[in-house]
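# Structural overview
Each chain is listed here by its residues.
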Amino acid sequence: MATEKFVSRHIGPRNGDIKTMLETVGASSLDALIEETIPSDIRLTKALDLPEALTENEYLAKIKGIAAKNKLFRTFIGQGYYDTITPPVILRNVLENPGWYTPYTPYQAEVSQGRLEALLNFQTVVLDLTKMDLANSSLLDEATAVGETMYMMHSLRSRAKKKANANILFVDENIFAQTLDVLVTRSKPLGIELVVGDYKTFEFTDTVFGSIIQYPAANGSVEDYTEFVEKAHGTDALVAVAADLMSLALLTAPGEWGADIVVGSSQRFGVPMGYGGPHAAFMACREAYKRTIPGRIIGVTKDAQGNPALRLALQTREQHIKREKATSNICTAQALLATMAGFYATYHGQKGIKRIATHIHSAAGFLSEGLKALGYTQNIENYFDTLEIVLPAGVSMEAIRAAALEKEMNFRYINDTTVGISTDEKISDLELNTILNIFAKAANKAEVAETAMEDKLYFDEKLARTSEYLILDVFNRYHSETAMMRYIKNLEKKDIGLNTSMISLGSCTMKLNAAAEMLPLSWPEFGGLHPFIPINQAEGYTQIITELEKWLSVITGFSGCTLQPNSGAAGEYTGLLVIREYHISRGEGHRNVVLIPASAHGTNPATVTMAGMKVVVVKCDEKGNVDFEDLKAKAEKHKDNLCAYMITYPSTHGVFETGIKEMMNLIHENGGQVYMDGANMNAQVGLTNPGAIGADVCHLNLHKTFAIPHGGGGPGVGPIGVAEHLVQFLPSHKVIETGGKNAITAVAAAPFGSASVLPITYGYIAMLGTSGLEEVTKMAILNANYLASSFEKLGFKILYKGDKGRVGHEMIFDCREFNKTVGITDGDIAKRLMDYGFHAPTLSFPVHGTLMVEPTESEPLEELDRFVEALARINGEMKEIEDGIADAQDNVLKHAPHTHMVLTADEWNHSYSRKKAAYPLKWVADNKFWPSVSRVDDAHGDRNLMCSCAPLENYIDEHVEVE
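How each quantity is defined
Residues numbered from 1 in each chain as written. Predicted model: local features only at pLDDT ≥ 70, side-chain atom pairs only at ≥ 80, totals over all residues. Heavy atoms only, no water. Helix = DSSP H or I, 4+ residues; strand = E, 2+ residues; numbered from the N terminus. Rg over C-alpha atoms; globule rule 2.2 N^0.38 Å. Buried < 20%, exposed > 50% of the residue type's maximum accessible area, 1.4 Å probe, protein only. Contact = heavy atoms within 4.5 Å. Areas by Shrake-Rupley, 256 points an atom, 1.4 Å probe, with all protein chains shown as cover. Lys, Arg positive; Asp, Glu negative; His and termini not counted. Charge placed at Lys NZ, Arg CZ, Asp CG, Glu CD. Pairing = 2+ DSSP bridges. Axes fitted to C-alpha atoms, helices over the stretch in contact; angles between N-to-C directions. Right-handed = clockwise from strand over helix to strand, strands pointing away. Expected span 1.5 Å × (residues − 1). Parallel < 35°, antiparallel > 145°, perpendicular 65-115°, else oblique. Left-handed = near helix turned anticlockwise from the far one by under 90°. Nonpolar A, V, L, I, M, F, W, Y, C, P; charged D, E, K, R; others polar. Salt bridge = Lys/Arg side-chain N within 4 Å of Asp/Glu carboxyl O. Phe/Tyr/Trp six-rings, centres within 6.5 Å; stacked < 30°, edge-to-face > 60°.

## Concerning the overall build of the protein chain
For the protein chain, the count of helices and strands is 32 helices and 28 strands. A compact globule built from 963 residues should have a C-alpha radius of gyration of about 30 Å, and the protein chain, at 28 Å, falls within 12% of that. Its C-alpha atoms give the protein chain principal-axis dimensions of roughly 90 × 70 × 65 Å. Across the 963 residues in the protein chain, those meeting the buried criterion constitute 65%. For the protein chain, the share of sequence-separated contacts (at least 6 apart) that also reach a separation of at least 24 residues comes to 76%. For the protein chain, the exposed area adds up to about 33200 Å²; of that, 48% sits on carbon and sulfur atoms. Of the side-chain charges in the protein chain, 89 are positive and 118 negative, and the distance between the mean point of each set is 2 Å.

Here it is as structure tokens:
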């Protein structure tokens, strides 16, 4: 293994380890193991056609050259994207810190308290600025968040509205173009009628269930919507507001003039534009909608000792529980970006946020006055940051554009006579005077004398905010860099990330996020680009996007790819819409039945519901495989209406099913298309692929298979690859040209989704190359089978295996017998693993009472052996209960995890020793991770929902009772 090759850095086991591991597995060679794991009829017959692998040094030189092709002009286009300043203390200690970008979604609260607190801060910022009752901990982007409000309002219809078959959603015409585009996409499959018009003249009827308005409006106007809201509520219709979060530091909050739901983007809070994302959207609503709001909610509860603790609240709302009854398929949030935005507000505090908002607004006012003095007309009377400039007679738009480009500036060119300008946090007196002189030059006016702007309000005082915000202690303590750095570090220490130990989550592929892949994210050449700039200013991004789409098409065996979907679940949705459009193009739009195995991830049936289709569940046999006879019966029964078959491969049970090609043929024979869920693609790359297997569409989780970090629950990227007959339907975008010739409308706010994280996957593929990608897949399968064999030697039962006794890249081991014999559950084992320094495997999914383990190829043999040794000792601890040596209730498993506060308390009332609790193995003591809270009380948290970071005493009489 040549150490200068990236593959040797990415893969955990060393050459000498592989022989040892194969002996444990009982395979003569790595290739022999693969032959026993992947059916021969789907194996690729030739290597992937990809470029030769680059070393880390070669790649960094290449990506630096690509970045240089992006032109870093100052852009004042606005429309939901604005340049901002990321405080270096946040850039360095969060975005560039694996302690923050490598952890998993905080489902295991005891080892996630730091991220939970950071996200609770984010929720509090949103609640304070919007003046709503309840907020979630982020959504994907503003446009899709607005789409979620449409579903939400539709599901919240009153009985009277349902009886009247209220199916109309009013959308004010002054909304961002990309948001309307996504609303069109999402409304069509559900038969929701969009009525776009002027909110001032729109008349509500009984058939209108909701409305959406932009605040400030897309043209920049700050409107008084009070009367509109009263009219809507008078007819029992709801009002959703897409708001600029920064503007709410100066403008009256939507919650104060009657909004029911408020959504938007937090990008202005210190997160780079990144050519479109990722950015954390937000959603806030009335308390009455707590069971309907999509996404994750961070709540306050207590642990086993009664200490305050944080957790993900109300999880029974999520799609993996509700499945086909779900009103959303959201699985990924934007936790890392929400964390940054929350820290931005924490660092600046109320005074700082108000100062920044005032600077943005004052700059717009300065420009407005200056441009009017030059003879231009400014259309917007009340504005926050956006102006609409009408050119006088004799001034051409081309003269403006040419003068602007000469000064390396971009404006929004609305039509032949109108220019839009949006100011931002970065704008300076020098830039303001430059802009004025661009317009002076175009009008053949003398150069404007340089003057400085003054901080003042230019909108009507009745629109100004009078209520307080960000008054809690957390927003008033950390305004020096020293204090902020220590606060971030204090939270980081409470969490397990990949920089701590292995995160062995099945189905989530928590692999190495290599430093060489991550470095470009901090570069302004990638972060500083607006998604709607002229395409010739983004040649570096264009190269990455073009090559990455080609590489992913090769890897999947398909003809085309889109990078627009910004999560795996969004990729599923996009794939089904493409299939739907294909059927419509053939005059078969009635096809609406989707077959899904009972073992499928919860997003699958939820996505089908969102796409306006019907779920038909296919049984699994006792071995966990799809029951082919049941599939055949249902495919034939529904052949006239069969739209698609959704299959995860290898299966969610971690097995390469041998009858997969027969399934593909069966579906095609009955008129359907095959959608492959790419959650388990890490077991396919270079060895087989969806195209070779016979699928028509496959989404990829770039945050799983292709090294983009999980970031504590997001960002994610979920591109889809499609067969040749579906390429023409790949999604378009309203602002930037992309997609197929018969494209569906947009599925995300930005044309290329979360573009700024694409260099990670680009680097991963470029540095691995054809042979490296294949080697990665083989090692993922070896690591999984090594653990499976080791578990079996301990007496653990591996629930499902392939025909030749092998697992894929993950496995499920059964804990149900332990509950019967000694009263120990899978949850007890998961919590006890935290005492050993490990994050719990996937708990009770897809089979209740089990643990699902996926080690990934990145974990070295030493770490695998530590994990096995930990489970061996836990097995011994269960044996002690069985033999009567340990008490059935007062034992280390039932009370795990053990915090340092519990172990150092004056009183110790357990029948086992402190040492046994804290240091069950010698190596645990060498590098002890301390859970910061004991086992959390989930039921208490759901009964008493608290979702802001106010001091706990504030909740004593004010908690929200949840039935």
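Having seen the model, we can carry on.
## Focus on the sheet that holds strand 19 (residues 642–648)
Within the open sheet, the 7 strands sit side by side as 16-22-21-20-19-17-18. Their pairing is mixed. Looking at the sheet topology across the chains shown, the edges are occupied by strand 16 (560–562) and strand 18 (614–618). Within this sheet the neighbouring strands show an average axis-to-axis angle of 25 degrees, counted without direction. With 3 bridges connecting them, strand 17 (residues 593–597) and strand 19 associate as parallel partners. Each residue of the ladder has a partner; that of V593, found in strand 19, is L642. Docked against the sheet, helix 19 (residues 539–556) engages strand 16 and strand 21 (697–700), running at close to 125 degrees with respect to strand 16. Across the sheet, helix 20 (residues 568–585) is in contact with strand 19, strand 20 (673–678), strand 21 and strand 22 (720–722); its angle to strand 20 comes to roughly 170 degrees.

## Things to note about the environment of M946
Summarising the element assignment, M946 is placed in the loop between strand 27 (944–945) and strand 28 (960–961). Looking at M946, the relative accessible area reads 10%, which means it is buried. Between the alpha carbons of M946 and R286 there is a distance of 14 Å; along the sequence they are 660 residues apart.

## Examining the pairing of strand 5 (residues 208–215)
With respect to burial, strand 5 is a largely interior element, 8 of its 8 residues being buried. Note: strand 5 against strand 6 (residues 238–243), 6 bridges, orientation parallel. Paired with Q214 across the two strands is A242, which belongs to strand 6. Crossover strand 5 to strand 6 through helix 11 (residues 226–234) is right-handed.

## Considering helix 7 (residues 113–130)
If you check helix 7, its first and last C-alpha atoms are 25 Å apart, about what 18 residues at 1.5 Å a residue would give, namely 26 Å. Burial of helix 7 is extensive: 17 of the 18 residues sit out of reach of the surface. Remark: K131 follows helix 7 within two positions and exhibits a positive phi of approximately 60 degrees.

## Some points on the packing of helix 5 (residues 88–95) against helix 16 (residues 481–492)
Following both chains from N to C, one finds helix 5 and helix 16 inclined at 20 degrees, their axes separated by 10 Å at the closest point. In terms of orientation, helix 5 lies roughly parallel with respect to helix 16. Two packed elements cross with a definite hand, and for helix 5 against helix 16 that hand is right-handed. Here V89, N93 and V94 of helix 5 come into contact with helix 16, specifically with E481, M484, M485 and I488. Classifying every residue of the contact of helix 5 with helix 16 by side-chain character gives 5 nonpolar, 1 polar and 1 charged.

## Regarding the pattern of salt bridges
The full count for this structure, using the stated rule, is 37 salt bridges. Notably, a salt bridge pairs D385 with R268, separated by 2.8 Å at the nearest N-O pair. Taken as a pair, D385 in the loop between strand 11 (377–378) and strand 12 (386–390) and R268 in the loop between strand 7 (261–265) and strand 8 (281–285) lie far apart in primary sequence, 117 residues in all. Each member of the pair D385 and R268 is classed as buried. The residue K916 makes a salt bridge to E880 at a minimum N-O spacing of 3.2 Å. Here the residue K916 occupies a position in helix 30 (residues 914–918), and E880 occupies one in helix 28 (residues 861–882), the gap between them amounting to 36 residues. The exposure class assigned to E880 is partly exposed, which follows from its relative accessible area of 22%.

## Points about the packing of aromatic side chains
Throughout the structure, instances matching the rule amount to 38 aromatic pairs. Ring centres of F343 and Y487 lie 6.0 Å apart, and the angle between their planes is 85 degrees; this geometry places the pair in the edge-to-face category. Of this pair, F343 sits in helix 13 (residues 335–373) while Y487 is found in helix 16, placing the two residues 144 residues apart along the sequence. For the pair formed by F343 and Y487, the shared burial category is buried. When the centroid spacing of 5.3 Å and the interplanar angle of 75 degrees are considered together, the rings of F526 and Y541 count as edge-to-face. Of this pair, F526 sits in helix 18 (residues 524–527) while Y541 sits in helix 19, placing them 15 residues apart in sequence. The class for F526 is buried, based on a relative accessible area of 1%.

## Details of helix 10 (residues 177–187)
With 8 of 11 residues buried, helix 10 is to be regarded as a mostly interior element. Q178, T179, D181, V182, L183, T185, R186 and S187 are the residues of helix 10 that are buried. At its buried positions, helix 10 is contacted by helix 8 (142–155), strand 3 (168–172), strand 4 (193–197), strand 5, helix 20 and helix 21 (603–610).

## Side note on the sheet that holds strand 7
Taken in spatial order, the 7 strands make up an open sheet running 2-8-7-6-5-3-4, and their pairing is mixed. Each end of this open sheet is capped by a strand with a single partner; those strands are strand 2 (134–135) and strand 4. Across the sheet, helix 7 lies against strand 2, strand 7 and strand 8, angled at about 60 degrees from strand 8, the strand it touches most. Against the sheet, helix 8 contacts strand 3, strand 4, strand 5, strand 6, strand 7 and strand 8, and its axis sits at roughly 155 degrees relative to strand 5.

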